[in-house]
Amino acid sequence: MNKQRKPLKKFLLVAGARPNFMKIAPLIRALNKLGKSKNILVHTGQHYDEKMSKVFFRDLNIPRPQIDLGIGGGTHAAQTGQIMIEFDKALEKFAPNLVIVVGDVNSTIACALTAKKRGIRIAHIEAGLRSFDMEMPEEINRILTDRISDFLFCTEPQAVINLKNEGIDDRKIFFTGNVMIDTLLAHKKSAEKSKILEIVGIKGEKYALATLHRPSNVDDKESLQKLMKILQK
């Protein structure tokens with residue numbers, strides 16, 4: 001007598017902004033390879049133009065999202081609220097067993113909070129990171145998402161310590177490493193073919209790459225000058 005196969009569990013994986021795409025790419029590949037879940041990719045549309053969104057799906061070989069909420073821009077409050085409204089409809093339609101959110105953007109907290117209200121379990125990838133600066137919108141998103149998540153996957157040992165210091169149950173915390181490294185290694189060969197070093201005139205020279213993209217770094221002249229002096233040293 002043939003045993004009836006159990007239906008696959010449904011996972012909703014949420015990506016919304018540029019940093020999310022690099023984290024979601026290796027994750028969805030690994031889950032698809034395991035073949036133990038039906039993996040549904042949700043793009044909230046928080047970042048939506050060609051260079052902030054579509055180019056990453058193409059370059060990172062990420063499957064086209066089955067759900068595109070198409071939110072677009074707006075204030076933090078408007079964007080978060082609109083994502084919650086639209087994501088709630090997706091939860092109603094697909095009834096997932098687990099919602100997987102990554103990083104610390106508005107999409108992260110919006111989708112986590114919506115899932116929590118429906119009693120759906122949440123996994124947070126890149127949990128426990130802290131700047132201890134509550135003026136950063138991302139810090140608020142991180143803390144709140146971690147408080148309501150059921151599985152917290154950490155990229156570094158300090159993140160584990162941060163969560164334990166905040167009273168998070170040890171059984172929810174997993175030190176798994178950084179999925180961004182998986183993306184880096186997956187695209188190492190194609191990156192080596194890039195002509196960017198020739199374009200900027202440093203081919204064959206020693207160089208360092210730094211990103212200063214947060215508003216707290218670049219919107220204030222004094223802060224930016226301090227960073228420039230640090231980099232010079």
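Keep in mind that what you see is a predicted model, and the values were worked out from it rather than measured.

1. A closer look at the pairing of strand β1 (residues 9–15)
Alright, step 1. Judged by how many residues are buried, β1 sits mostly within the fold: 5 of 7 residues are covered.
Alright, step 2. Sheet analysis places β1 next to strand β2 (residues 37–43), joined by 7 bridges and oriented parallel. Opposite L12, over in β2, you have I40 as the bridge partner.
Alright, step 3. In this region the chain leaves β1, passes through helix α1 (residues 18–34) and returns to the parallel neighbour β2; the handedness of that crossover is right-handed.

2. Quick look at the packing of helix α3 (residues 76–94) against helix α4 (residues 106–117)
Alright, step 1. Here α3 crosses α4 at 45°, and the two axes come no closer than 8 Å. In terms of orientation, α3 lies oblique with respect to α4. With respect to the hand of their crossing, α3 and α4 are arranged in right-handed fashion. Only N106, S107, A110, C111, L113, T114 and A115 of α4 make contact with α3, whose side of the interface consists of H76, Q79, T80, I83, M84, F87, D88 and L91.
Alright, step 2. Considering only residue class, the contact of α3 with α4 consists of 8 nonpolar, 6 polar and 1 charged.

3. Remarks on the side chain of H124
Alright, step 1. Within the secondary structure layout, H124 lies in strand β5 (residues 121–125).
Alright, step 2. Given a relative accessible area of 0%, H124 falls into the buried group.
Alright, step 3. Other than its neighbours up to four places away in sequence, H124 contacts V101, V102, G103, T108, R142, T145, D146, S149, F151, L152 and F153.

4. Quick look at the nonpolar core
Soluble globular proteins: nonpolar side chains tend toward being buried together.
Alright, step 1. If you look at the biggest cluster of nonpolar residues, it comprises 21 residues, and the most contacted ones within it are L12, F87 and V99.
Alright, step 2. Of all elements in the fold, only β1, β2, α3, β4 (98–102) and α4 reach the threshold of two or more residues within this core.
Alright, step 3. Those residues in contact with F87 that sit more than four places away from it in its chain are L12, V14, V42, L69, V99, C111 and T114.
Alright, step 4. Among the nonpolar cores identified, the runner-up in size contains 17 residues, and L13, I62, L98 and A123 belong to it.

Definitions and limits used
- Residues numbered from 1 in each chain as written.
- Predicted model: local features only at pLDDT ≥ 70, side-chain atom pairs only at ≥ 80, totals over all residues.
- Heavy atoms only, no water.
- Buried < 20%, exposed > 50% of the residue type's maximum accessible area, 1.4 Å probe, protein only.
- Helix = DSSP H or I, 4+ residues; strand = E, 2+ residues; numbered from the N terminus.
- Pairing = 2+ DSSP bridges.
- Right-handed = clockwise from strand over helix to strand, strands pointing away.
- Axes fitted to C-alpha atoms, helices over the stretch in contact; angles between N-to-C directions.
- Parallel < 35°, antiparallel > 145°, perpendicular 65-115°, else oblique.
- Left-handed = near helix turned anticlockwise from the far one by under 90°.
- Contact = heavy atoms within 4.5 Å.
- Nonpolar A, V, L, I, M, F, W, Y, C, P; charged D, E, K, R; others polar.
- Core = buried A, V, L, I, M, F, W, Y, C linked by side-chain atoms within 4.5 Å.

Purely geometric numbers; function is a separate question.
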